[in-house]
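Observations on the three-dimensional arrangement
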Amino acid sequence: MARGTLRIYLGAAPGVGKTYAMLAEAHRRVERGTDCVVAHVEHHGRPRTEVMLHGLERVPGRELEHRGAFFTEMDVDAVLRRAPAVALVDELAHTNVPGSRNAKRWQDVEELLAAGIDVVSTVNIQHLESLGDVVESITGVRQRETVPDEVVRRADQIELVDMSPQALRRRMAHGNIYQPDKVDAALSNYFRPGNLTALRELALLWVADRVDEYLNEYRSAHEVSRIWGSRERIVVGLTGGPEGRTLIRRAARLAEKGAGGEVLAVYIARSDGLTAASPKELALQRTLVEDLGGTFHHVVGDDIPAALLDFARGVNATQIVLGSSRRKTWQYVFGPGVGATVARESGPDLDVHIVTHEAVAQGRGLPVARGARLGRGRIVWGWLVGVGGPAGLAVLLNTVDLGLANDMLLFLALTVAAALLGGLLPALASAAIGSFLLNYFYTPPLHRLTVADPKNIVAIAIFFGVGMSVASVVDLAARRTHQAARLRAESEILSFLAGNVLRGETGLEELLERVRETFAMESAALLERASDVDPWTCQGRVGVGPPLERPEDADVDMPVGDHMALALTGRVLPAEDRRVLAAFAAQAAVVLDRRRLQAEADRARTLAEGNRIRTALLAAVSHDLRTPLAGIKAAVSSLRSDDVAWSEEDRAELLEGIEEGADRLDHLVGNLLDMSRLQTGTVTPLIREIDVDEVVPMALVGVPEDSVELDVPETLPMVAVDPGLLERSVANLVENAVKYSPPGRRVLVAASALDDRVEVRVVDRGPGVPDEAKERIFEPFQRHGDAPRGAGVGLGLAVARGFAEAMGGTLVAEDTPGGGLTMVLSLRAAGRGTQERGTDERGTDERGTDARATEAGAHTMERERQAL
């Protein structure tokens, strides 16, 4: 089935007549016999729009309830069942009421189009998604209902419904748009003349760009190469010289004089990279042209005039702005220049402006890549072979007569050797000296600069020509080899950068150190500022060198956008090195952004974890804290009641319930406080040497008698722990084990020594925990399986592991052979150098009476030891 077509009536503001124009188009189609229905149209109480609905078939909408009110939305299913040829759908950007088939009306329209139904719709310019910020800055109102630009751009036809701001305000004043009670507020706010004028300009420019796209598509489809001057497009040819800024400003002034003028700055670089403009100057010119509303383009081409004309014709330009040549007079012997060539070949449909500037006839002044960097030693050897070699060879040949042909071949070999060693200039010197020596010593008449035999003149000339040709070829090969090696090095560097971008492995300081090492600089720094008037701040720096307060203070500065720059000190880099430096600078900006995003993600993760803990805490307080409180209150109320005469057994049972509830509350509050201290990092253990058999029995005070079997030998080495934290850890582990042990099966608490560790094992014969859940049970507010609410809030194991790790120990869960779960608490055995590491803020308030007494005694012993 063929996709339907979409026609959109686009307006600058409400009330310009989009819906009226759509309905008028529907009447015209109905008169032509087209099956056209109204799928959804809002007349908003406007009489003229409501009249236009008469005579058109309407598909009933769908009633939906939302927050106690009823709304009518388009019934997509009903329209699809009706299957008209054309459907009218008003307000394309509308957000549907929750419960609708789609969230947005443009999604409803997409379904109709996919079903082969043609759709006519309406939308205002302020509802385009890409213009939301612009519209908000103009009107002060943020549009909540938007439609993606691509949906509107894909429309087969867009018709602008235009109206002047004055006429629209008159319609508003006459009550043709809003109700009379809303007119004054609308005229003084959204419908101000300035707002309407700006929105109208936005609509006109957007439609003009869309028309321009249609034009380019038509020219491309019909292979139209001739320029159509539908609007002024001015191409500025840049060379990277300082005159570029003058040309850009002149082109901007020319564009302002024409309707819808556009400036496109283009820099054409040779594909071999032998000439290159200043990257810093090009960056400044790029910023300037973008500030003036134009665009910057980088094109590669060996024939600069042809590439420039191809680019201009490709963008349908009407004018080209070039600067007067910077070449000196004698340089014109090599050709007429780019400006003259472009002017000659531009044709009648493309105007060329040659603009004068301060650098006219002052020389090119552009950096040119020289020959291969052979090194000083090779160049010296090249000159020695090229100059001294022919003289030495002449002395040798004076003693041996080999014939003129062999003599020439030997001198030619020296020329090739000079070219291989020192490049072009030593080879040319060798060819010239060799020709002179051949003429003087070996060509009759001997020892004279004249040549008797014309054949010898031809031979010497051929020798000199061959020598120059060979030298040129060898030098060119050396240059190409150098370029290949350089490009290989650049590709390796860029590959390294690309890999780091994908993997995110390199930090900012590591990247800056790589930059410093790559270019052999003294220091490298990344500077940034918030705006053009704010001071520069250093985001990262490596190496030694003077502190940099501005990029201009460095030997090399590479801008990254408008408010960031990579600054290097040590030496000035050539232009060919700056190309790679630009890649490093861009990567440095990416690394800095990634670091900031990572910091934001970490903060967000911390907040999310805190929110999760708070949510779980509220859930715990709402149930587990309220349950024992309710039991205590009920028991106290029963005891205080005079209506019932309680027996001693009943009274004792109620008092026992109160005590159990208070114990549960005390345990719950203790765990909550311990967890909060662990989350905030305020647990600072007091480490001292102590025997395990002194602490573990104290942790069994709160469990039922005969529920635990204790096996802690007295011969175990002492451990370096905080006695209070160890007691709380073991107590939580034992309580958890007793809770899940089957009736009649005792929990085993055993301790043993292993190397430099002491392990405390709490073994139960309960249902056990699968391997995938063994780590999860140590997370706060986690209860495994179907544990009942009365089993606690899931903090005991989390607190036990937190205290164990605070003391330098570990806590893991293992399977009990034969079924059950074993908690293994591993502690450091005491050794020489164990010292007090401080006390935590809470002290021992929640550890119980026996624990407080033990720690108080420990504090007394510590004070006595320090006094001694």
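Model, not experiment: these values are computed from the prediction.

A look at the overall build of the protein chain
Along the protein chain, the regular secondary structure elements total 24 helices and 24 strands. Here the protein chain, with 868 residues, has 43% of them falling under the buried criterion. Residue pairs in contact within the protein chain that sit at least 24 positions apart in sequence constitute 70% of those at least 6 positions apart. About 45,500 Å² of surface is accessible on the protein chain, with carbon and sulfur atoms providing 55% of the total.

What about the pairing of strand β10 (residues 262-269)?
Here β10 lies mainly inside the structure; seven of its eight residues are buried. Where strand β9 (residues 233-238) lies against β10, six bridges are found, and the strand directions are parallel. The residue bridging V236 from the neighbouring strand is A265, located in β10.

Describing the environment of A251
With respect to the element layout, A251 can be found in helix α10 (residues 244-257). Separated by 14 residues in sequence, A251 and A265 place their C-alpha atoms 9.2 Å apart.

Some remarks on the sheet that holds strand β6 (residues 86-89)
Within the open sheet, the six strands sit side by side as β3-β2-β6-β7-β1-β8. Their pairing is parallel. Of all strands in the sheet, those with a lone pairing partner are β3 (57-58) and β8 (157-161), marking the two edges. As paired strands, strand β1 (residues 6-11) and β8 are joined by five bridges and run parallel to one another. If you follow R7 over to β8, its bridge partner there is Q157.

Description of the nonpolar core
L88, L92, L112, V147 and W206 are the most contacted members of the largest nonpolar core, which has 62 residues in total. Of all the elements, helix α9 (residues 193-221) adds the most residues to this core, at six residues. Core analysis: the second largest hydrophobic core is formed by 42 residues, I687, A751, A773 and I777 among them.

Observations regarding helix α12 (residues 304-314)
Among the residues of α12, P305, A307, L308, L309, F311 and A312 are the ones counted as buried. Tucked into the core, α12 has its buried residues touching β9, β10, β11 (295-300), β12 (319-323) and α13 (338-345). One or two steps after α12, the chain reaches N316, where phi turns positive at roughly 60°.

Digging into the confidence of the model for the protein chain
A low pLDDT score tells you not to read the predicted coordinates there in detail. Averaged over all residues, the pLDDT of the protein chain equals 77, while 76% of them reach at least 70. Across the protein chain, element-level confidence peaks in β6 with a mean pLDDT of 94 and bottoms out in helix α24 (residues 849-867) with 37. Across residues 786-791 the pLDDT falls below 50, and counting only partners more than four positions away or on other chains, this stretch makes nine contacts in the model. Confidence over residues 832-868 falls short of pLDDT 50; this stretch has 50 contacts with residues more than four positions distant or in other chains.

Concerning the sheet that holds strand β14 (residues 523-528)
Think of a sheet as strands paired side by side through backbone hydrogen bonds, with each pair either parallel or antiparallel. Strand order in the open sheet formed by four strands is β15-β14-β17-β16, and the pairing between neighbours is antiparallel. Among the strands making up the open sheet, the edge pair consists of β15 (537-543) and β16 (556-559). Strand-to-strand, the axes of this sheet are offset by a mean angle of 15°, without reference to chain direction. As paired strands, β16 and strand β17 (residues 564-569) are joined by four bridges and run antiparallel to one another. Within β17, the residue paired with V556 across the bridge is L568. The sheet strands contacting helix α18 (residues 508-518) are β14, β15 and β17, and the helix crosses β15 at an angle near 55°.

Brief notes about the pattern of salt bridges
Two side chains with opposite charge may pair up if their charged atoms get near one another. Here the structure, examined in full by the defined rule, presents 23 salt bridges. The closest approach of N and O atoms between R7 and E159, which form a salt bridge, is 2.5 Å. Residue R7 is located in strand β1, and its partner E159 is located in strand β8; the two are separated by 152 residues in the primary sequence. Since its relative accessible area comes to 13%, R7 is described here as buried. The residue D162 makes a salt bridge to R200 at a minimum N-O spacing of 2.8 Å. Here D162, found in the loop between β8 and α7 (165-173), pairs with R200, found in helix α9; they are 38 residues apart in sequence, far enough to count as distant. Each of R7, E25, R28, R29 and E159 takes part in salt bridges that share partners, so that together they form one network.

Quick word on the packing of aromatic side chains
Per the counting criterion, the structure on display carries zero aromatic pairs. Taking NZ or CZ as reference, R801 lies 3.9 Å from the ring centre of F778, over its face.

Some details on the environment of R776
Structurally, R776 is set in the loop between β22 (757-763) and α23 (796-806). Sequence-wise, R776 and A798 are 22 residues apart; in three dimensions their C-alpha atoms are separated by 9.7 Å.

What about unusual backbone geometry?
Residues other than glycine seldom take positive phi values, yet A83 does so here, at roughly 50°. Residue placement: A83 occurs in the loop between α3 (76-82) and β6. A residue is classified by how much of its surface remains accessible, and A83, at 45% relative accessible area, is partly exposed. One non-glycine residue, D755, lies in the positive phi region at around 55°.

Observations concerning a nonpolar patch on the surface
On the surface, I379, W383, V387 and L425 cluster together to form a nonpolar patch covering roughly 360 Å² of accessible area. Counting residues per element, the nonpolar patch draws most heavily on helix α14 (residues 376-397), at three residues. Locating W383 in the fold gives a position in helix α14. What makes W383 partly exposed here is its relative accessible area of 37%.

Considering the packing of helix α22 (residues 723-740) against α23
Direction vectors running N to C along α22 and α23 enclose 150°, while the axes themselves pass 9 Å from each other. With respect to α23, the axis of α22 lies roughly antiparallel. By crossing handedness, the relation of α22 to α23 is classed as left-handed. For the pair α22 and α23, contact is made by L725, R728, S729, N732, L733 and N736 and by G796, L797, V799, A800, F803 and A804, respectively. Of the residues assigned to the contact of α22 with α23, the class counts are seven nonpolar, four polar and one charged.

Description of the side chain of T49
On the secondary structure map, T49 appears in helix α2 (residues 47-52). Given a relative accessible area of 9%, T49 falls into the buried group.

Points about a positive patch on the surface
Taken together, the side chains of R249, R250, R253 and K257 make up a positively charged region of the molecular surface. By the secondary structure assignment, R253 is in helix α10.

Section: helix α1 (residues 18-31)
End to end, α1 covers 20 Å across 14 residues, agreeing with the expected 20 Å (1.5 Å per residue, within 8%). Those residues of α1 that sit buried are K18, T19, A21, M22, L23, A24, E25, A26 and R29. Against the buried residues of α1 lie β1, β2 (36-40), α2, β6, β7 (118-124) and β8. Phi for G33, located one or two positions after α1, is positive at around 95°.

Reading the values: the criteria
Residues numbered from 1 in each chain as written. Predicted model: local features only at pLDDT ≥ 70, side-chain atom pairs only at ≥ 80, totals over all residues. Heavy atoms only, no water. Helix = DSSP H or I, 4+ residues; strand = E, 2+ residues; numbered from the N terminus. Buried < 20%, exposed > 50% of the residue type's maximum accessible area, 1.4 Å probe, protein only. Contact = heavy atoms within 4.5 Å. Areas by Shrake-Rupley, 256 points an atom, 1.4 Å probe, with all protein chains shown as cover. Pairing = 2+ DSSP bridges. Core = buried A, V, L, I, M, F, W, Y, C linked by side-chain atoms within 4.5 Å. pLDDT = per-residue confidence, 0-100. Axes fitted to C-alpha atoms, helices over the stretch in contact; angles between N-to-C directions. Salt bridge = Lys/Arg side-chain N within 4 Å of Asp/Glu carboxyl O. Phe/Tyr/Trp six-rings, centres within 6.5 Å; stacked < 30°, edge-to-face > 60°. Lys NZ or Arg CZ within 6 Å of the ring centre and 35° of its normal. Patch = residues over 30% accessible without salt bridge, like charges linked within 9 Å, V, L, I, M, F, W, Y side chains within 5 Å. Parallel < 35°, antiparallel > 145°, perpendicular 65-115°, else oblique. Left-handed = near helix turned anticlockwise from the far one by under 90°. Nonpolar A, V, L, I, M, F, W, Y, C, P; charged D, E, K, R; others polar. Lys, Arg positive; Asp, Glu negative; His and termini not counted. Charge placed at Lys NZ, Arg CZ, Asp CG, Glu CD. Expected span 1.5 Å × (residues − 1).

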